[in-house]
Amino acid sequence: MSVIYPLTGKKILLGISGGIAAYKCAELTRRLKDQGADVRIVMTSAAKEFITPLTMQAVSGHAIADDLLDPRAKSGMGHIELAKWADLVLLAPATANLIARLRAGLADELLTTLCLATPSPIAVSPAMNMEMYQAAATQENISVLAQRGMLIWGPGKGPQACGDIGPGRMLETSELVSNVVDFFNIQQSLFANVNITITAGPTQEALDPVRYISNYSSGKMGFALAEVAQKMGANVSLISGPVPLQTPAHVNRINVKSALEMHQASLAKLAYCDIFIGCAAVADYRPEAVAPQKMKKQQGIDNFTLKLVKNPDIIAHVAMDINRPFCVGFAAETEDVAGYARDKLKRKNLDLIAANNVAIVGQGFNSEQNALTVFSASDIFDISLADKKTVAYQLLEIIYQQYNLLDTCPQNNGSSQ
Ligand code: C5P
């Protein structure tokens, strides 16, 4: 079993300058490491007044770099090596002073020197008093850094340490981690020119004009997959059951209600689909007939029998097609998760199936988090409990690996298992 995190293997140089938001850097470092990143810390001397180097060393697991001319650093990683080591330099908090010094191109202490020497992208997360942020000099400095290609993340608005309320707060830790994850997704463009169709949400099976049969699916996992796949470069079509979620940017959303409509919309996408992800909780059965008028209570009759007929198995139809795309199903189970998932993988002719135990409170259906075990014919991958966007990223990494394995293997090209 292997676990892939969104930032596995990514090297992040966190540059901390002297603002009160520096106190958040211990948590930021932990959260980046949780996502698989290796984090090294550079601190200005003012930063050390707000958070101790010992704390940052303990959470990062590396000695802190803070001195340009420190002879000890020569036996470890010198400033040029550090500058080359990073995949991303993240300056958080970036004070007005640091921003001004970056703009001027100063190299009189370690952090600004590193920023001049690094070939890697630099993300600047401004954090300062709102008046300082709005000052013409700071605004001009930030726009010059942006023109030079630096990423400007923030600031956020809200109450400040000095009591003012306005723009100048460092972005929250979760926002910064999410920006870093997105940054690497976009960078990699793993799915450039790949068409991905995703089904999401529940279906509604009408009984009469005012009633339907449905389930608790929120659609959040499918929407997270659509958002992340698009950020990874894919052309994404999202066939969605009725859910009140916002369509992710640049995603082509097709709204449907019933399983029959979802079936039709999915088959219509087959000719333009390289990867099909069936994340929808499709109703297995629908009422045999839809009453044209609202059904009335029958006086004196306490039982009511409803005749249901089976819906088409959308993903199985897609996966059995002669021009089948790479097919990924979901198995939401309440018992024997692995057994049912493996059975569906085979029976529906899928390439991968992502299984989760929806009986566990706080994961899966209608929750913000999820955990998955992903089965291929020969492998198992574990994705541990995390927010659905993080899980989506990890699942798409697995899909990318497996899709490429099939793609580069001629006897498997376009064939079923
Ligand atoms: O409902 P079941 O557990 O069989 O769902 C497994 C997979 O099959 C899911 O990916 C789901 O989206 C898909 N499915 C489908 N059409 C159905 C039933 C399920 O595409 N009628």
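One can find the structure itself at the top, above this paragraph.
Attention here is on the structure that accompanies the text. (Residues numbered from 1 in each chain as written. Predicted model: local features only at pLDDT ≥ 70, side-chain atom pairs only at ≥ 80, totals over all residues. Heavy atoms only, no water.)

### Things to note about helix α13 (residues 337-347)
So, point 1. Among the residues of α13, those classed as buried are V337, A341, K344 and L345. Buried positions in α13, seen along its axis, are confined to an arc of 105° and lie on one side of it.
So, point 2. Where α13 is buried, its residues touch β16 (326-333), β17 (352-357) and β18 (369-375).
So, point 3. Downstream of α13 by a residue or two, N349 has a phi angle that is positive, lying close to 65°. (Buried < 20%, exposed > 50% of the residue type's maximum accessible area, 1.4 Å probe, protein only. Helix = DSSP H or I, 4+ residues; strand = E, 2+ residues; numbered from the N terminus. Arc of directions from axis to C-beta. Contact = heavy atoms within 4.5 Å.)

### Details of the sheet that holds strand β5 (residues 151-152)
So, point 1. A sheet is described by the order of its strands in space; here five strands give the open sequence β2-β1-β3-β4-β5, paired in parallel fashion. Both outer strands of the open sheet, β2 (38-43) and β5, are each paired with one neighbouring strand and no more.
So, point 2. Taken together, the six bridges between strand β1 (residues 11-16) and β2 define a ladder with parallel strand orientation. From the neighbouring strand, I12 faces β2, where its bridge partner is V39.
So, point 3. With respect to the sheet, helix α5 (residues 96-104) is in contact with β3 (88-94) and β4 (122-126), its orientation differing from that of β3 by roughly 135°. (Pairing = 2+ DSSP bridges. Axes fitted to C-alpha atoms, helices over the stretch in contact; angles between N-to-C directions.)

### Quick notes on the nonpolar core
So, point 1. Core analysis: the largest hydrophobic core is formed by 40 residues, its most contacted members being F191, L225, I277 and I399.
So, point 2. Considering every element that reaches this core, the biggest residue donor is helix α14 (residues 388-407), with eight residues.
So, point 3. Beyond its immediate sequence surroundings of up to four residues, I399 is in contact with F191, I275, I277, F326, V328 and L352.
So, point 4. Judged by nonpolar contacts, the second largest core, of 33 residues, contains L28, M56, I64 and A123. (Core = buried A, V, L, I, M, F, W, Y, C linked by side-chain atoms within 4.5 Å.)

### Overview of unusual backbone geometry
So, point 1. In this chain, A92 is followed by P93 through a cis amide linkage whose omega measures -5°.
So, point 2. Residue G154 is joined to P155 through a cis peptide bond whose omega torsion reads 5°.
So, point 3. One can find P155 in the loop between β5 and β6 (156-159).
So, point 4. Here H250, not a glycine, exhibits a phi torsion of approximately 60°, which is positive.
So, point 5. You can see H250 is positioned in the loop between β11 (235-240) and β12 (252-255).
So, point 6. Judged by its relative accessible area of 70%, H250 falls in the exposed class.
So, point 7. Positive phi, close to 65°, is recorded for N349, a residue that is not glycine.

### Observations concerning the sheet that holds β16
So, point 1. Strand order in this open sheet of eight strands is β12-β11-β8-β13-β16-β17-β18-β19, and the pairing throughout is mixed. Each edge of the open sheet carries a strand with a single partner, namely β12 and β19 (380-387). The average undirected angle you get between the axes of adjacent strands in this sheet is 15°.
So, point 2. Direction of pairing for strand β8 (residues 195-200) relative to β11: parallel, over a ladder of six bridges. Among the inter-strand pairings, N195 is bridged to a residue of β11, identified as N235.
So, point 3. Helix-sheet contacts for α13 involve β16, β17, β18 and β19, and the interaxial angle to β17 is about 155°.

### So, the environment of V256
So, point 1. Summarising the element assignment, V256 is placed in the loop between β12 and α11 (259-269).
So, point 2. Relative accessible area serves as the criterion here: at 7%, V256 is assigned to the buried category.
So, point 3. Taking the C-alpha atoms as reference, V256 lies 6.9 Å from I239; in sequence the two are 17 residues apart.

### Some details on helix α8 (residues 136-147)
So, point 1. The end-to-end C-alpha separation of α8 is 16 Å, in line with the 16 Å expected for twelve residues at 1.5 Å each.
So, point 2. Taken together, the buried positions of α8 are T138, N141, I142, V144 and L145. The arc that holds the buried residues of α8, viewed along the axis, is 160°, so those residues lie on one side. Opposite the packed face of α8, turned more than 90 degrees from it, sit the exposed residues A136 and Q147.
So, point 3. Buried residues along α8 sit in contact with α5, β4, α7 (130-134) and β5.
So, point 4. One or two positions beyond α8, positive phi appears at G149, with a value near 100°. (Expected span 1.5 Å × (residues − 1).)

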